[in-house]
Amino acid sequence: MEAVIDHFGINCADYARSREFYDRVLGVLGYPRVMDVGPAIGYGRDGHPEFWIADGAGMGPNREIHVAFEAADAGAVDAFYDTALGLGAESLHAPRLWPEYHPGYYGAFVRDPDGNNVEAVFHGAQPAAQTPTNSA
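Parameters and conventions
- Residues numbered from 1 in each chain as written.
- Predicted model: local features only at pLDDT ≥ 70, side-chain atom pairs only at ≥ 80, totals over all residues.
- Heavy atoms only, no water.
- Core = buried A, V, L, I, M, F, W, Y, C linked by side-chain atoms within 4.5 Å.
- Buried < 20%, exposed > 50% of the residue type's maximum accessible area, 1.4 Å probe, protein only.
- Helix = DSSP H or I, 4+ residues; strand = E, 2+ residues; numbered from the N terminus.
- Contact = heavy atoms within 4.5 Å.
- Patch = residues over 30% accessible without salt bridge, like charges linked within 9 Å, V, L, I, M, F, W, Y side chains within 5 Å.
- Areas by Shrake-Rupley, 256 points an atom, 1.4 Å probe, with all protein chains shown as cover.
- Salt bridge = Lys/Arg side-chain N within 4 Å of Asp/Glu carboxyl O.
- Phe/Tyr/Trp six-rings, centres within 6.5 Å; stacked < 30°, edge-to-face > 60°.
- Lys NZ or Arg CZ within 6 Å of the ring centre and 35° of its normal.
- Expected span 1.5 Å × (residues − 1).
- Arc of directions from axis to C-beta.
- Pairing = 2+ DSSP bridges.
- Axes fitted to C-alpha atoms, helices over the stretch in contact; angles between N-to-C directions.

> Explain the nonpolar core to me, please; I cannot follow it from the model alone.
Where a protein is soluble and globular, its nonpolar side chains tend to be buried together. If you look at the biggest cluster of nonpolar residues, it comprises twelve residues: V67, A71, V77, Y81, A84, Y106, A108, V110, V118, A120, F122 and A125. Elements with a minimum of two residues in this core: α2 (74-86), β7 (106-111) and β8 (117-122). Once residues within four sequence positions are removed from consideration, V110 is found in contact with F80, Y81, A84, A89, E90, L92, N116, N117 and V118. Within the second largest apolar cluster, eight residues are counted, among which are Y22, L26, I41 and I53.

This is the structure in structure tokens:
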């Protein structure tokens with residue numbers, strides 16, 4: 001494990017203006033768009049989005065942030081989730097593989113006491129073994 005924070009994101013009141021702003025200012029720093037999923041864009045290097053912007057129109061001045069903490073393994077993601085729920089956190093997404101992000105992405109999402117979207121993520125998860133079916 002190399003970092004505490006794996007990635008984070010902000011919600012933008014004027015998404016079009018923010019896209020142009022971050023495309024240009026992060027571009028000159030060598031952090032281009034590495035993922036674009038429509039309502040959210042990830043910037044980073046080597047295919048790893050570390051900073052995200054998202055369309056936050058209509059959220060008002062107190063828009064939540066998203067922060068993802070790097071976990072050592074899938075068990076740590078599960079423990080993060082169980083601990084958070086035990087402390088009264090709202091579940092946003094139970095631990096699971098997120099293949100739409102990349103193979104091996106295993107994460108869980110909760111809402112912290114201040115309303116922020118907090119995630120634990122492990123990038124090296126293996127899909128569960130396929131159980132052969134009996135065709136006889």
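On we go from here.
> When you look at a nonpolar patch on the surface in this model, what are you seeing that I'm missing?
A cluster of nonpolar side chains, contributed by V4, I5, F8 and F69, occupies part of the molecular surface with about 360 Å² of accessible area. Within the fold, F69 resides in strand β5 (residues 65-70).

> So what exactly am I meant to see when it comes to the packing of aromatic side chains here?
Given two aromatic rings, their pairing is described by the distance between the two centres and the angle made by the two planes. For the structure shown, the criterion picks out seven aromatic pairs. Aromatic pair W98 and Y101: ring centres 5.6 Å apart, planes at 15 degrees, arrangement stacked. A network of ring pairs unites the aromatic residues F8, F21, Y22, Y43 and F51 as a single cluster. When the ring centre of Y15 is taken as origin, the NZ or CZ atom of R19, which lies over that ring, is 4.7 Å away.

> How should I be thinking about helix α1 (residues 15-28) in this particular structure?
Owing to its 3.6 residues per turn, the α-helix aligns residues three or four sequence positions apart on the same side. Helix length check: α1 (14 residues) gives 20 Å between terminal C-alpha atoms against 20 Å at 1.5 Å per residue, within 8%. Of all the positions in α1, only Y15, S18, Y22 and L26 are classed as buried. Projection of α1 onto a plane perpendicular to its axis shows the buried side chains occupying an angular sector of 55 degrees, all on one side. Away from the buried face of α1 by more than 90 degrees, exposed residues R17, R24 and V28 are located.

> When you look at the pattern of salt bridges in this model, what are you seeing that I'm missing?
Pairing is possible between side chains of opposite charge, provided their charged atoms come close. On inspection of all chains with the given rule, the structure shows six salt bridges. Between D36 and R33 there is a salt bridge, with the nearest N and O atoms lying 2.7 Å from each other. If you follow the salt bridges from partner to partner, you end up with D23, R33 and D36 in one network.

> What exactly am I supposed to notice about the sheet that holds strand β3 (residues 40-45) here?
Remark on secondary structure: sheet strands pair via backbone hydrogen bonds, oriented parallel or antiparallel. The eight strands are arranged β2-β3-β4-β1-β5-β8-β7-β6 in an open sheet whose pairing can be described as mixed. Strands at the two margins of the open sheet, each flanked by one partner only, are β2 (33-36) and β6 (90-97). Sheet twist, expressed as the average angle between the axes of neighbouring strands with direction ignored, equals 15 degrees. With six bridges joining them, β7 and β8 adopt antiparallel strand pairing. Looking at the pairing, F109 lines up with E119 of β8. Against the sheet, α1 engages β1 (5-12), β2, β3 and β4 (48-55), with an angle of about 155 degrees to β4. The sheet contacts of α2 involve β6, β7 and β8, and relative to β7 the element is tilted by about 15 degrees.

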